[in-house]
Amino acid sequence: MKVLKRSNVHLRMDATYFEQFCLLCYQDNRDNYTQLVRFTDGEHYEEIKEDLDNLIKLGVQIESITTDGHKSILKAIKKSLPDVITQRCLVHIQRMCLIWLTRFPRHPAGVELRRLMLLLLKIKTDNDRLYWIKAIEQWYQRHKDYLQEKTYNQ
């Protein structure tokens, strides 16, 4: 595998866990070119920082990074590339929201939010994005009182 010296790279970082190891993958979003892989036992700050530093040294000019939001990845990005745009992957956002909401939410706010979260990956255009954001804002306004309620164990 050869690291390609490129500018304006929008990097995707993700880890996949197998039975015996973890595979960290650094891909250029432009054409899915895999710039770097690391076989390891987990997502460790030191290794991720080293990988990012090596990509920079090899001439990869990183414009943004999309990640699952793992704390060690975010810490390494902040240290190696403090000014780079960092965002969380929509697939990971959707997955976590659906886990928290459960498959069959009981409250109407949860039912409605789950429906909106299922639409997240259908966003393809700027217009879709604006529509989805407006729908979330409207959902929040409808359910603001419920969301601000607190449950106290007595």
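Reading the values: the criteria
Residues numbered from 1 in each chain as written. Predicted model: local features only at pLDDT ≥ 70, side-chain atom pairs only at ≥ 80, totals over all residues. Heavy atoms only, no water. Helix = DSSP H or I, 4+ residues; strand = E, 2+ residues; numbered from the N terminus. Rg over C-alpha atoms; globule rule 2.2 N^0.38 Å. Buried < 20%, exposed > 50% of the residue type's maximum accessible area, 1.4 Å probe, protein only. Contact = heavy atoms within 4.5 Å. Areas by Shrake-Rupley, 256 points an atom, 1.4 Å probe, with all protein chains shown as cover. Lys, Arg positive; Asp, Glu negative; His and termini not counted. Charge placed at Lys NZ, Arg CZ, Asp CG, Glu CD. Pairing = 2+ DSSP bridges. Axes fitted to C-alpha atoms, helices over the stretch in contact; angles between N-to-C directions. Salt bridge = Lys/Arg side-chain N within 4 Å of Asp/Glu carboxyl O.

Draft legend 1. How the structure looks around the overall build of the chain. The secondary structure content of the chain amounts to five helices and five strands. When its helices and strands are written in sequence order, the chain yields β-β-β-α-β-α-β-α-α-α. The C-alpha radius of gyration of the chain comes to 19 Å, more than 25% above the 15 Å expected for a compact globule of 154 residues. Its C-alpha atoms give the chain principal-axis dimensions of about 55 × 40 × 30 Å. When burial is assessed residue by residue, the chain has 36% of its 154 residues classed as buried. Pairs at least 24 residues apart make up 46% of the contacts formed inside the chain by residues separated by at least 6 positions. Summed over its atoms, the accessible surface of the chain is roughly 10800 Å², and 53% of this surface lies on carbon and sulfur atoms. Where the 25 positive side-chain charges of the chain centre and where its 20 negative ones centre are 4 Å apart.

Draft legend 2. How the structure looks around the sheet that holds strand 5 (residues 85-88). One open sheet accounts for five strands, arranged 3-2-1-4-5; its pairing is mixed. Because the sheet does not close on itself, it has two edges, and the strands there are strand 3 (33-40) and strand 5. In this sheet, adjacent strand axes meet at a mean angle of 20° when their direction is disregarded. Helix-sheet contacts for helix 1 (residues 45-57) involve strand 1 (9-17), strand 2 (22-28), strand 3 and strand 4 (62-67), and the interaxial angle to strand 3 is about 150°.

Draft legend 3. Main features of the side chain of Thr67. Considering the arrangement of structural elements, one finds Thr67 in strand 4. Using a relative accessible area of 1% as the deciding quantity, one classes Thr67 as buried. Every residue in contact with Thr67, bar those within four places of it in the chain, is listed here: Met13, Ile73, Leu74, Thr86, Gln87, Arg88 and Cys89.

Draft legend 4. Examining the pattern of salt bridges more closely. Applying the stated rule across the entire model yields eight salt bridges. When the shortest N-O distance is used, the salt bridge between Arg6 and Asp28 registers 2.6 Å. Placement of Arg6 in the segment before strand 1 and of Asp28 in strand 2 is noted, with a sequence separation of 22 residues between them. Take Arg6 and Asp28: they sit in the same class, and that class is buried. A salt bridge links Arg129 to Asp126; the nearest nitrogen and oxygen atoms lie 2.6 Å apart. In this pair, Arg129 and Asp126 are both assigned in helix 5 (residues 126-147), three residues apart and thus about one turn of the helix distant. Residues participating in the shared-partner salt-bridge network are Arg38, Glu47, Glu50 and Asp51.

Draft legend 5. Seen up close, the environment of Leu121. Note that Leu121 resides in the loop between helix 4 (108-119) and helix 5. Sequence-wise, Leu121 and Leu90 are 31 residues apart; in three dimensions their C-alpha atoms are separated by 6.9 Å. Every residue in contact with Leu121, bar those within four places of it in the chain, is listed here: Leu90, Val91 and Gln94.

Draft legend 6. Summary view of the pairing of strand 4. Most of strand 4 sits out of view: five of its six residues are buried. Relative to strand 4, strand 1 is paired through four bridges, and the arrangement is parallel. Residue His10 lies in a different strand from strand 4, and its bridge partner there is Ser64. With four bridges joining them, strand 4 and strand 5 adopt parallel strand pairing. In the strand pairing of strand 5, Ile65 is matched with Thr86.

Draft legend 7. Spatial organisation of the environment of Val84. Here Val84 is to be found in the loop between helix 2 (71-80) and strand 5. Measuring from C-alpha to C-alpha, the distance between Val84 and Leu11 comes to 11 Å, with 73 residues separating the pair along the chain.

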